[in-house]
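# Structural overview for review
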Amino acid sequence: MKTKLLVAACASALSQSSNRLVLIPEGQFSGLDGRPHDAPFWSLTAERGRQIALALNHRNIDMVIDYEHGTLKSQTDGKPAPASGWIKSFEYVDGMGLCSSDFKWTAQAQAFIDAEEYRYISPVFSYTPTGDITGLLCVAITNTPNLDELPALLAAAAQDLFIQNSHEDDLMPEFLKLMLKKLCLAENATEQEVLTAANSFFAKVDAAGFGTELAKEQTLNAAVDAVIVSKTAANNQQPDPSKFVPIAVVSGLQAQIATLTANSNKTEVDTLYTAACSNGQLLGDDMQAWGRKLADEQPEEFKKFVASAPKIAALNGKQTDGTNVAANNQQQGQGNNQFTPEDLAVAAAFGHSLES
């Protein structure tokens, strides 16, 4: 899309006490003579105005304010183009447009303005065929702000100036968008917000211990190189075997400990099961089978059972005392209404009595 360059007829009147220059107004506007003739109107949106201000503030030099666009004329006639003032920074003010409160007049220009020998400020800006303003190229004080068109030679000089600044006008906004995105900032972020976010990022990188010094004017490329060197050295460094153990060794040791722990627990449970069968806590095949299953599948529950189940003393005596066996045989011969010691023990274990 071709970009047109014109001297805007939207010049602002200068005041002796003005502390803010309105360079390009906000919104849609046209010249006093009906321009632009090749677009429906000129238009400056808040979003685009902030982008232009941000791009201008990244320039390394101040923008000159000359007399009657002398900077453009000097490129064709070779005459000096003295400055009437300098703009150090730009800002976008909602409701007003692209402005500057950080400017300074020369002593001679201030005298001209105080005497009202110069009354207008006239910017040169670029715009598209649809009227969208894309950049500010230069500024002048003038008494003829409503020029119909730039003369041919001035237009050519303006075109040269546009080409010189084309990287700034065309590429810088895209670069700024990328940087704002990487810093997690909105596209309308202020310059101070950008500086704060950038310095915070630099501080984090420096504090990471990679040998970077971004906060001390180190370039970003140098800092990235330092990070790569540090990371490569860390990856290639062999660990001290007296201080570090390989993960495989630790995993193997953990597996061995787990096996030993499981075997120890099984031995403990097996010992408890054998004792429970011997002391009458597990009576008969069915109860012993149940106890074995519980011990194998839920050893902790089996431990709880053994800790709370009563021991059958009568059964203990039967297995260890021959006199009890004889007494039992004698009682069995006295009739069918007599119960064996095992019967009495089981009943007692569950809180019952079988005697009439």
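Definitions and limits used
- Residues numbered from 1 in each chain as written.
- Predicted model: local features only at pLDDT ≥ 70, side-chain atom pairs only at ≥ 80, totals over all residues.
- Heavy atoms only, no water.
- Helix = DSSP H or I, 4+ residues; strand = E, 2+ residues; numbered from the N terminus.
- Buried < 20%, exposed > 50% of the residue type's maximum accessible area, 1.4 Å probe, protein only.
- Contact = heavy atoms within 4.5 Å.
- Areas by Shrake-Rupley, 256 points an atom, 1.4 Å probe, with all protein chains shown as cover.
- pLDDT = per-residue confidence, 0-100.
- Salt bridge = Lys/Arg side-chain N within 4 Å of Asp/Glu carboxyl O.
- Phe/Tyr/Trp six-rings, centres within 6.5 Å; stacked < 30°, edge-to-face > 60°.
- Lys NZ or Arg CZ within 6 Å of the ring centre and 35° of its normal.
- Expected span 1.5 Å × (residues − 1).
- Core = buried A, V, L, I, M, F, W, Y, C linked by side-chain atoms within 4.5 Å.
- Polar contact = N/O pair within 3.5 Å; in protein donor to acceptor, adjacent residues only side chain to side chain.
- Axes fitted to C-alpha atoms, helices over the stretch in contact; angles between N-to-C directions.
- Parallel < 35°, antiparallel > 145°, perpendicular 65-115°, else oblique.
- Nonpolar A, V, L, I, M, F, W, Y, C, P; charged D, E, K, R; others polar.

Here we come to the overall build of the protein chain. The helix and strand inventory of the protein chain stands at 13 helices and 10 strands. Of all 356 residues assigned to the protein chain, the portion counted as buried reaches 33%. Taking all contacts inside the protein chain whose residues are at least 6 apart in sequence as the whole, residues at least 24 apart take part in 61%. Of the accessible surface of the protein chain, which amounts to about 21400 Å², a share of 55% is contributed by carbon and sulfur atoms.

This next bit is on the confidence of the model for the protein chain. A residue-level look at the protein chain finds 69% of positions with pLDDT of 70 or above and a mean pLDDT of 75. Throughout residues 147–156 the model reports pLDDT below 50, and contacts reaching past four residues in sequence, or to other chains, amount to 15 contacts. Every residue in residues 167–171 scores below 50 in pLDDT, and together they form 10 contacts with partners more than four places removed in sequence or on other chains.

This next bit is on the pattern of salt bridges. Tallied over the entire structure, the rule returns 9 salt bridges. Across the salt bridge formed by Arg50 and Asp94, the nearest N and O atoms sit 2.8 Å from each other. Here Arg50 is found in helix α1 (residues 46–57), whereas its partner Asp94 is found in the loop between β7 (83–93) and β8 (97–105), with 44 residues between them in sequence. With a closest N to O distance of 2.9 Å, Arg292 and Asp296 form a salt bridge. Note that Arg292 and Asp296 are positioned in helix α9 (residues 284–297) at a spacing of 4 residues, about one turn of the helix. The class of Arg292 is partly exposed, set by a relative accessible area of 25%. Overlapping salt bridges bring together Glu268, Glu300 and Lys303 as one network.

A complete count under the given rule lists 11 aromatic pairs for this structure. Both rings, one in Tyr273 and one in Phe302, keep their centres 6.3 Å apart while their planes meet at 45°; by these two values the pair is tilted. Placement of Tyr273 in helix α8 (residues 247–278) and of Phe302 in helix α10 (residues 299–308) is noted, with a sequence separation of 29 residues between them. Grouped by ring-pair contacts, the aromatic residues Phe29, Trp42, Phe125 and Tyr127 constitute a single cluster. Positioned above the aromatic ring of Tyr273 is the side chain of Arg292, whose terminal nitrogen or guanidinium carbon lies 4.6 Å from the ring centre.

The next subject is α1. For α1, which comprises 12 residues, the first-to-last C-alpha distance of 16 Å matches the rise-based estimate of 16 Å (1.5 Å per residue) to within 8%. Extensive coverage of α1 is indicated by the burial of 9 of its 12 residues. Among all positions in α1, only Arg48, Gly49, Gln51, Ile52, Ala53, Leu54, Ala55, Leu56 and Asn57 are buried.

For the rest of this paragraph, the subject is the environment of Met96. Mapped onto the elements, Met96 comes out in the loop between β7 and β8. Between the alpha carbons of Met96 and Val22 there is a distance of 7.1 Å; along the sequence they are 74 residues apart. Those residues in contact with Met96 that sit more than four places away from it in its chain are Arg20, Val22, Ile24, Pro25 and Glu26.

Counting 30 residues, the largest nonpolar core has Leu23, Ile24, Phe90, Leu98, Trp105, Ile133 and Leu136 as its most contacted members. Among the elements that make up this core, the one with the highest residue count is strand β10 (residues 133–142) (4 residues).

With that settled, the discussion passes to the environment of Gln281. The residue Gln281 is located in the loop between α8 and α9 in this model. With a relative accessible area of 5%, Gln281 lands in the buried category. Not counting the four nearest positions on each side in its chain, Gln281 is found in contact with Ala276, Met287, Phe305, Val306, Ala309, Pro310 and Lys311. A polar side-chain atom of Gln281 sits 2.7 Å from the main-chain carbonyl oxygen of Ala309.

Packing of α9 against α10 brings their axes to within 5 Å, and their N-to-C directions diverge by 130°. Overall, the two elements α9 and α10 adopt an arrangement that is oblique. Contacts between α9 and α10 pair Met287, Trp290, Gly291, Leu294, Ala295, Asp296 and Glu297 from the former with Pro299, Glu301, Phe302 and Phe305 from the latter. Here the contact of α9 with α10 is composed, by residue class, of 7 nonpolar, 1 polar and 3 charged.

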